[in-house]
Amino acid sequence: MKNIVILISGGGSNMAAIVRAAQQQDWARSLGAQVAAVVSNKAEAKGLEFARAQGIATEVLNHKNFASREDFDAALAQVIDRYQPALVVLAGFMRILTPGFVAHYAGRIINIHPSLLPAFTGLHTHQRAIDAGCKFAGATVHQVTAELDVGPILEQAVVPVLPGDTAESLAARVLTQEHVIYPRAVAALLRA
Ligand code: NHR
Ligand code: GAR
């Protein structure tokens, strides 16, 4: 079985979309793949409850308990490697990962970023798109490389920016499309 390990920090709706796709499309039979674990750097991440309710193993590793990013990432890799993942999926995971961590999972770690990359790398993408006067926004699934948000693009979805949009209303519109493209990108990689 190809194991998928999903990293979250919060709501976990992208994680839930992947778990639901795995169930509805029977990835165990069709792709020989399963979501083996959900790992959060925050104990209070809402997504952990959903994962537990689905019978998926969950792990919490608080980055504040580590002296350096290198120490946190080393411990994180130890936790992840217990599941021998074919794919590591960042889904609203909010900690920048060190080059050593990324190298360890080279070619099998992906992220979903809430902008049309290469525009708006980093944080606060929706407010920045509104402030720039963008008529369209969206989300990008990309391979994770040492440099933030610049790895090869795998999938994108576009949504309009509407008059009166706030960062919150735009984020919600983008998020519905994230739930479409992220499971699709994961399945495509497992097929490859
Ligand atoms: N790590 C690497 N090496 N490369 C990428 O492409 C990564 C990554 C880690 C996370 C997700 C990314 C996003 O989609 C991601 C891509 C967090 C931050 C950030 O500044 C930036 C980008 C992303 C995730 N994090 C702060 C930090 O100090 C903490 C912010 C917070 O806790 O709210 O790590 O946008
Ligand atoms: C998503 O919009 C995701 O693209 C974004 O956070 C949201 C997480 O939602 N990711 C980042 O901003 C990474 N820095 P979710 O927890 O419900 O999947």
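Residues numbered from 1 in each chain as written. Chains lettered and ligands numbered in written order. Predicted model: local features only at pLDDT ≥ 70, side-chain atom pairs only at ≥ 80, totals over all residues. Heavy atoms only, no water.

**Q** Got a sec to walk through the site of ligand 2? Specific residues and values, please.
**A** Around ligand 2, a shell composed of Gly11, Gly12, Ser13, Asn14, Gly92, Met94, Ile112, Pro114, Leu123, Leu175 and Glu178 is seen. Here an oxygen atom of ligand 2 sits 2.7 Å away from a polar atom, N or O, in the main chain of Gly12. Taking 440 Å² as the accessible area of ligand 2 by itself, protein coverage stands at 81%. Only helix 1 (13-24) and helix 7 (167-191) provide two or more residues apiece to the shell around ligand 2. (Near = heavy atom within 4 Å. Polar contact = N/O pair within 3.5 Å; in protein donor to acceptor, adjacent residues only side chain to side chain. Areas by Shrake-Rupley, 256 points an atom, 1.4 Å probe, with all protein chains shown as cover. Helix = DSSP H or I, 4+ residues; strand = E, 2+ residues; numbered from the N terminus.)

**Q** Any details on the packing of helix 1 against helix 7? Residues and values, ideally.
**A** At a minimum axis separation of 9 Å, helix 1 and helix 7 run at an interaxial angle of 50°. Classified by the interaxial angle, the pair formed by helix 1 and helix 7 is oblique. Judged by the sense of rotation from one axis to the other, the crossing of helix 1 with helix 7 is right-handed. Counting all contacts with helix 1, which are made through Ser13, Asn14, Ala17, Ile18 and Ala21, the residues of helix 7 involved are Leu175, Glu178, His179, Tyr182, Pro183 and Val186. Of the residues in the contact of helix 1 with helix 7, the class split is seven nonpolar, three polar and one charged. (Axes fitted to C-alpha atoms, helices over the stretch in contact; angles between N-to-C directions. Parallel < 35°, antiparallel > 145°, perpendicular 65-115°, else oblique. Left-handed = near helix turned anticlockwise from the far one by under 90°. Contact = heavy atoms within 4.5 Å. Nonpolar A, V, L, I, M, F, W, Y, C, P; charged D, E, K, R; others polar.)

**Q** Please set out the packing of aromatic side chains residue by residue, giving values where relevant.
**A** For the coordinates displayed, the defined rule picks out two aromatic pairs. Each ring, one from Phe101 and one from Tyr105, has its centre 5.0 Å from the other, and the planes form 55°; the classification is tilted. Accessibility expressed as a relative area gives 4% for Phe101, which makes it buried. Taking the relative accessible area as the measure of exposure, Tyr105 reaches 0% and is therefore buried. (Phe/Tyr/Trp six-rings, centres within 6.5 Å; stacked < 30°, edge-to-face > 60°. Buried < 20%, exposed > 50% of the residue type's maximum accessible area, 1.4 Å probe, protein only.)

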